[in-house]
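Working through the structure, step by step
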Amino acid sequence: MEIREKLASIGIIPVIKINDPEKAVPLAKALKNGGLPAAEVTFRTAAAAEAIHRIAKELPDVCVCAGTVLTVETARRAVKAGASAIISPGTNPDVVRWCLANRVPVIPGCATPTEVEACMRLGLDFVKLFPAEVVGGVKMLKALAGPYGQMAFMPTGGISAANAASYLALKNVVCCGGSWMVPEKLLDNGDFDAIEALAREAAALVKR
Ligand SMILES: O=C[C@H](O)COP(=O)(O)O
Ligand SMILES: CC(=O)C(=O)O
């Protein structure tokens, strides 16, 4: 299955900031058991590569992606660790070109029509909208659907159980990203049951 179809079938992609790599596998298990077999592990912590490696090795049916990939070097590390896709908050053309040259799925962030067009020129038809709620959310995506009918989006930033369904109802939305089902405190405390419950609540918003 192509990554886009896989992400579409999961619907909501948990965005993770993890400090302790020991928690990576129990966290991914909790998300999977809750109905979200995916993780965007952000390179905002030193544990990111190790967390990706552990999830990819122990839970091959979980779609583990790398987030906050700002450089080609980080993209290389993420792919080596086992990431299925490279995701970033903005668009670094060097990262996109490296991914395309190495056949690595890449989902860079856009916040404006000009950035969407830059990604189209790079050859992409699927990007992130970030930070989604700040830049107009559902209204912005509806507006972008006019001139950019072929472009599909993964809105992230400010999405929650309260508004995810309105994003998922849009034709140009493949999936949403969000951190709300993995609150830092629950992860730090190792409260995987609570995370699983939040994942289950989120997964119930996805029409399959
Ligand atoms: O930086 C934000 C994360 O990428 C996801 O956004 P969120 O915490 O609003 O869900
Ligand atoms: C926010 C986001 O998309 C990222 O850190 O990759």
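Residues numbered from 1 in each chain as written. Chains lettered and ligands numbered in written order. Predicted model: local features only at pLDDT ≥ 70, side-chain atom pairs only at ≥ 80, totals over all residues. Heavy atoms only, no water.

In the nomenclature of an unreviewed UniProt entry, the protein is known as 2-dehydro-3-deoxy-phosphogluconate aldolase of Anaeromassilibacillus senegalensis. Under the UniProt heading Sequence similarities (unreviewed entry), the note attached to the protein is "Belongs to the KHG/KDPG aldolase family." (UniProt positions renumbered as here; feature names shortened; annotations may be inferred.)

**Details of the packing of helix 4 (residues 72–81) against helix 5 (residues 93–101)**
For any two helices packed against each other, the geometry is given by the interaxial angle and the distance between the axes. For the pair helix 4 and helix 5, the least separation of the axes is 9 Å and the interaxial angle reads 35°. Crossing of helix 4 over helix 5 shows right-handed handedness. Packed against helix 4, whose contacting residues are Val72, Ala75, Arg76 and Val79, the element helix 5 presents Asp94, Val95 and Trp98 at the interface. The residue inventory of the contact of helix 4 with helix 5, partitioned by class, reads five nonpolar, no polar and two charged. (Axes fitted to C-alpha atoms, helices over the stretch in contact; angles between N-to-C directions. Helix = DSSP H or I, 4+ residues; strand = E, 2+ residues; numbered from the N terminus. Left-handed = near helix turned anticlockwise from the far one by under 90°. Contact = heavy atoms within 4.5 Å. Nonpolar A, V, L, I, M, F, W, Y, C, P; charged D, E, K, R; others polar.)

**Some words on the sheet that holds strand 6 (residues 109–110)**
Read across the sheet, three strands follow the order 6-7-8 without closing on themselves; strand pairing throughout is parallel. Of all the strands in the sheet, the pair left with one neighbour each is strand 6 and strand 8 (152–155). Two elements, strand 6 and strand 7 (residues 126–129), share two bridges in a ladder whose sense is parallel. Within strand 7, the residue paired with Gly109 across the bridge is Lys128. Helix 7 (residues 137–145) contacts strand 7 and strand 8 of the sheet and is inclined by roughly 150° relative to strand 7. (Pairing = 2+ DSSP bridges.)

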